[in-house]
Amino acid sequence: MDWKRYAIYWLPDGSLGQAGANWLGWDVRTGTRVAGADPCTETPRKYGFHATIKPPFRLADGVTPEDLRSAAENLARQLAPVDLGRLTVRRLGRFLALTPDVNPGGLAARVVEGLDGFRAPSQAEDLARRRATGLTLAQDALLVKWGYPYVMDEFRMHLTLTGPNPSDVVEARVAEIFPPLAGPHVLNTLSLAGEDAAGRFHLIADLPFAGHAAASDKTDRAAPTA
């Protein structure tokens, strides 16, 4: 499959991952729809249940998907696990999300910088769209340098659960589903994901850290061609 964009995510597995897929209505790991999702999840649905580590990007000219995958696997093998602690449901701006006790900002910065050579330069319309949301000077500088305003010092790990302005009923349902799965959790595997023509993200390969076997190894999946 040809992927429009690529991203590096944390895709929780096990009970938490399945609960997130069921809630949002899209399973990134299997690339399948899940019936019965609430309309409030329409906005984050295409991305699936994930925490962004390196935001979605187009592949630069002169590099291949295989190059990216190999570099991502090598980089992951250099990373040490991070104890995230427990996940808490919080309201971030206008939406609900799960946030960890420990924000793995240093790890995320290594991934953003380490794979930035594979990112195509931002297009003018992308910069304009981001700036239209209202950015600080620091965020604008990050947007120019890294293609996204919420990286490096602005990075805050979160797993989005709703679109904007969820109702009290939705918030109550979230409070029933996710606190029992709060953890603690350890970040020891990242995932390379790709965006299909319809805008939905799929798992391409898990990227286990050194000494850790990925829970869902997709290394036998053929890399897509650009």
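As the structure is a computational prediction, the values presented were derived from the model and not from experiment. (Residues numbered from 1 in each chain as written. Predicted model: local features only at pLDDT ≥ 70, side-chain atom pairs only at ≥ 80, totals over all residues. Heavy atoms only, no water.)

A.B. asks: Looking at this structure, I do not really get the environment of His202. What am I missing?
C.D. replies: In this structure, His202 sits in strand 11 (residues 201–208). In the structure, His202 is positioned 190 residues away from Pro12 in sequence and 14 Å away in space, judged by C-alpha atoms. Excluding residues within four positions of it along the chain, His202 makes contact with Trp3, Trp26, Val28, Gly31, Leu192, Ala193, Gly194 and Asp196. (Helix = DSSP H or I, 4+ residues; strand = E, 2+ residues; numbered from the N terminus. Contact = heavy atoms within 4.5 Å.)

A.B. asks: Is there a simple way to think about the pairing of strand 4 (residues 51–57) in this case?
C.D. replies: The side chains of a regular strand alternate, residue by residue, between the two faces of the sheet. Most of strand 4 is tucked away, with 5 of its 7 residues classed as buried. The pairing of strand 1 (residues 6–10) with strand 4 spans 4 bridges and is classified as antiparallel. When the bridges of strand 4 are listed, Tyr9 appears paired with Thr52. (Buried < 20%, exposed > 50% of the residue type's maximum accessible area, 1.4 Å probe, protein only. Pairing = 2+ DSSP bridges.)

A.B. asks: Could you clarify how one ought to interpret the environment of Ala60 in this entry?
C.D. replies: Following the sequence through the fold, Ala60 ends up in the loop between strand 4 and helix 3 (65–76). Each C-alpha atom, one on Ala60 and one on Thr162, is 31 Å from the other, the two residues being 102 residues apart in sequence. When sequence neighbours within four positions are dropped, the list of residues in contact with Ala60 reads Gly117, Phe118, Arg119 and Ala120.

A.B. asks: Which parts of the structure should I look at to understand the pairing of strand 7 (residues 95–100)?
C.D. replies: Counting buried positions along strand 7 gives 5 out of 6 residues, so the element sits mostly inside the fold. Note: strand 6 (residues 87–92) against strand 7, 6 bridges, orientation antiparallel. Among the inter-strand pairings, Val89 is bridged to a residue of strand 7, identified as Leu98. Taken together, strand 6 and the strand that follows it, strand 7, pair antiparallel across an intervening segment of 2 residues, in which Gly93 is found at a positive phi of about 65°. Bridge count for strand 7 against strand 8 (residues 159–160) is 2 bridges, and the pairing is antiparallel. Residue Ala97 lies in a different strand from strand 8, and its bridge partner there is Thr160.

A.B. asks: What is the right way to look at helix 1 (residues 14–24) in this model?
C.D. replies: Residue pairs three or four apart in sequence face the same way in an α-helix, which turns once every 3.6 residues. Taken as a whole, helix 1 has its buried residues at Leu16, Gly17, Ala19, Gly20, Ala21, Trp23 and Leu24. Where helix 1 ends, the next residue or the one after it, Gly25, has phi of about 95°, a positive value.

A.B. asks: Could you clarify how one ought to interpret the packing of aromatic side chains in this entry?
C.D. replies: The way to describe two aromatic rings as a pair is by their centre distance and the angle between their planes. Scanning all chains against the criterion turns up 6 aromatic pairs. Ring geometry for Tyr9 and Phe201: centres 5.7 Å apart, planes at 50°, overall tilted. Within this pair, whereas Tyr9 is found in strand 1, its partner Phe201 is found in strand 11, the two being separated by 192 residues in sequence. Judged by its relative accessible area of 0%, Tyr9 falls in the buried class. Ring plane angle 80° and centroid distance 5.7 Å describe the contact between Tyr148 and Tyr150, whose orientation is recorded as edge-to-face. Tyr150 sits in the partly exposed class, given a relative accessible area of 31%. An aromatic cluster of three or more residues is present, and its members are Tyr9, Tyr47 and Phe201. Above the ring of Phe57, the side-chain terminus of Lys54 is found at 5.2 Å from the ring centroid. The ring of Trp26 carries Arg200 above its face, with NZ or CZ at 4.9 Å from the centroid. (Phe/Tyr/Trp six-rings, centres within 6.5 Å; stacked < 30°, edge-to-face > 60°. Lys NZ or Arg CZ within 6 Å of the ring centre and 35° of its normal.)

Taken by themselves, the reported measurements are silent on function.
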